[in-house]
Amino acid sequence: MQLHHHPFCPHSRFVRLLLAEYGIEPDLVEVRVWERKPEFLALNPAGETPVLVEEHVPSAPGAAIIAEYLDETRGLALADRRLLPHAPLERIEVRRLVAWYNEKMFLDVTDHLVRERIYKRYMKADQGGGPPDATALRAARANIRYHLKYIGWLAKARNWLAGEQLTHADLAAAAHLSVADYLGDVPWDVDEDAKAWYARVKSRPTFRAILSDSIPGMPASKTYADLDF
């Protein structure tokens, strides 16, 4: 199995966390989507990460498709630890929250942070590279406070974000926060419940590979790999 990804693409991180929870170690193929290489576009004409490739199976593009594919092919093996619950009504809530983080939080926060502070460092001018857009960064840093408060509200009312068990929802939210946390753009003092929930998630063994990611010339924030931050 291969995962075509970028280490700081939050959707790719979500899938990496899922795979780790399933005990799967794929070959990681780093992709710089702005280069639009033909071999990657053949796997996903949309030119977006992540893409999962498994022998004798069509390539699975996008975090949502990959998450559903993994549940359909491996979910039953986890029994009562299944990451997408058995009950249809519980699945609705998990899927709602996954969409909230992978779509809304991405557009509000992590898309701005990753593009402006990471991707643009490597993009040429004709690819959209250049200095960060200060307006986009201000918007992201304002919006993340709202998302933190919502995470805190969910975490206070429930054992995990979608209910009593760890699900796709927790891993999606944690994937997006982890990118922002590396950059030092998470104001953890906004909500103690959100902070305590994130500490639980990033203390899981499946989070270790994520916490080892780094950007040359841009060290992680002090809280990034600290489990007792």
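This report concerns the structure included in the present document. (Residues numbered from 1 in each chain as written. Predicted model: local features only at pLDDT ≥ 70, side-chain atom pairs only at ≥ 80, totals over all residues. Heavy atoms only, no water.)

**Quick notes on the overall build of the chain**
Test applied: For helices the rule is a DSSP run of H or I covering at least 4 residues; for strands it is a run of E covering at least 2, with both sets numbered from the N terminus onward. In this setup the radius of gyration rests on C-alpha atoms only. A globule is expected at 2.2 Å times the number of residues raised to 0.38. When accessible area is computed with a 1.4 Å probe and restricted to protein chains, residues below 20% of their type maximum are described as buried, those above 50% as exposed, and intermediate ones as partly exposed. Residue contacts are defined here by distance: any two heavy atoms, one from each residue, within 4.5 Å place the two residues in contact. Only the protein chains shown count as cover for residues, and all accessible areas are computed by the Shrake-Rupley method using a 1.4 Å probe. In this tally, Lys and Arg are treated as positive and Asp and Glu as negative; His is ignored, and so are the chain termini. Charge positions come from single atoms, namely NZ of Lys, CZ of Arg, CG of Asp or CD of Glu.
Along its length, the chain carries 8 helices and 4 strands. Walking the chain from its N terminus toward its C terminus, one meets helices and strands in the order β-α-β-α-β-β-α-α-α-α-α-α. Computed over its C-alpha atoms, the radius of gyration of the chain comes to 17 Å, within 12% of the 17 Å expected for a compact globule of 229 residues. Across its three principal directions, the C-alpha atoms of the chain cover 50 × 50 × 25 Å. For the chain, the proportion of its 229 residues judged to be buried stands at 52%. Contacts in the chain between residues far apart in sequence, at least 24 positions, make up 69% of those at least 6 positions apart. In the form shown here, the chain has an accessible surface area of approximately 11,100 Å², with 54% of it arising from carbon and sulfur atoms. Here the chain contributes 29 positive and 32 negative side-chain charges, whose respective centroids are spaced 4 Å apart.

**What about helix α3 (residues 63-74)?**
This is how the line gets drawn: By definition here, a helix of n residues has an expected span of 1.5 Å times n minus one.
Compared with an ideal rise of 1.5 Å per residue, which puts 12 residues at 16 Å, α3 spans 16 Å between its outermost C-alpha atoms and is within 8% of the ideal. Considered for burial, the residues of α3 that qualify are A63, I66, A67, Y69, L70 and D71.

**A word on the environment of P50**
You can see P50 is positioned in the loop between α2 (38-43) and β3 (51-53). Here P50 falls in the buried class, since its relative accessible area comes to 0%. A C-alpha to C-alpha distance of 6.6 Å links P50 and H11, two positions 39 residues apart in sequence. Beyond its immediate chain neighbours, meaning those up to four positions away, P50 contacts L3, H4, H11, S12, V15, A60, P61, G62, A63 and I66.

**Examining the pairing of strand β1 (residues 2-5)**
Formally: At least two bridges found by DSSP between two strands is the condition for calling them paired. Crossover handedness is defined here as right-handed if the route from the first strand over the helix to the second strand goes clockwise, with the strands pointing away from the viewer.
Sheet topology places β1 next to strand β2 (residues 27-30); 4 bridges connect them, and they run parallel. Bridge pairing links H4 to V29 in β2. Taken together, β1, helix α1 (residues 10-21) and β2 form a β-α-β motif whose crossover is right-handed. Both β1 and β3 contribute to a ladder of 3 bridges, which runs antiparallel. Directly across from L3, in β3, lies its bridge partner L52.

**Digging into the environment of A77**
Take A77: it is sitting in the loop between α3 and α4 (88-122). On the basis of relative accessibility, which here comes to 69%, the residue A77 falls in the exposed class. For the pair formed by A77 and Y22, sequence separation is 55 residues and the distance between their alpha carbons is 8.8 Å.

**Regarding helix α6 (residues 168-182)**
The terminal C-alpha atoms of α6, which comprises 15 residues, lie 21 Å apart, in line with the 21 Å expected from a rise of 1.5 Å per residue. α6 sits mainly inside the fold: 15 of its 15 residues count as buried. After α6 finishes, the residue G184 shows a positive phi value of roughly 75°.

**What to know about the sheet that holds β3**
Formally: Helix axes use the C-alpha atoms of the stretch in contact, all axes being lines fitted to C-alpha atoms, and the angles between their N-to-C directions lie in the range 0 to 180 degrees.
Across the sheet, which stays open at both edges, the 4 strands sit in the order β2-β1-β3-β4 with mixed pairing between neighbours. Of all the strands in the sheet, just β2 and β4 (60-61) have a single pairing partner and so form its edges. Bridging between β3 and β4 involves 2 bridges; their strand directions are antiparallel. Each bridged residue has a counterpart across the sheet, and for L52 the counterpart in β4 is A60. Helix-sheet contacts for α1 involve β1, β2 and β3, and the interaxial angle to β1 is about 155°. Across the sheet, α3 is in contact with β1, β3 and β4; its angle to β3 comes to roughly 40°.

**Focus: the packing of aromatic side chains**
Our working definition: Two rings from Phe, Tyr or Trp (for Trp, the six-membered ring) form a pair when their centres are within 6.5 Å of each other. A pair whose planes differ by under 30 degrees is stacked, one over 60 is edge-to-face, and the rest are tilted.
Scanning all chains against the criterion turns up 11 aromatic pairs. Arranged with centres 4.8 Å apart and planes meeting at 65°, the rings of F8 and Y182 form a pair that is edge-to-face. On the criterion of sequence distance, the pair formed by F8 in the loop between β1 and α1 and Y182 in helix α6 is long-range, its members being 174 residues apart. Both residues of the pair, F8 and Y182, count as buried. Through a chain of ring-to-ring contacts, the aromatic side chains of W188, W197, Y198, F207 and F229 assemble into a single cluster.

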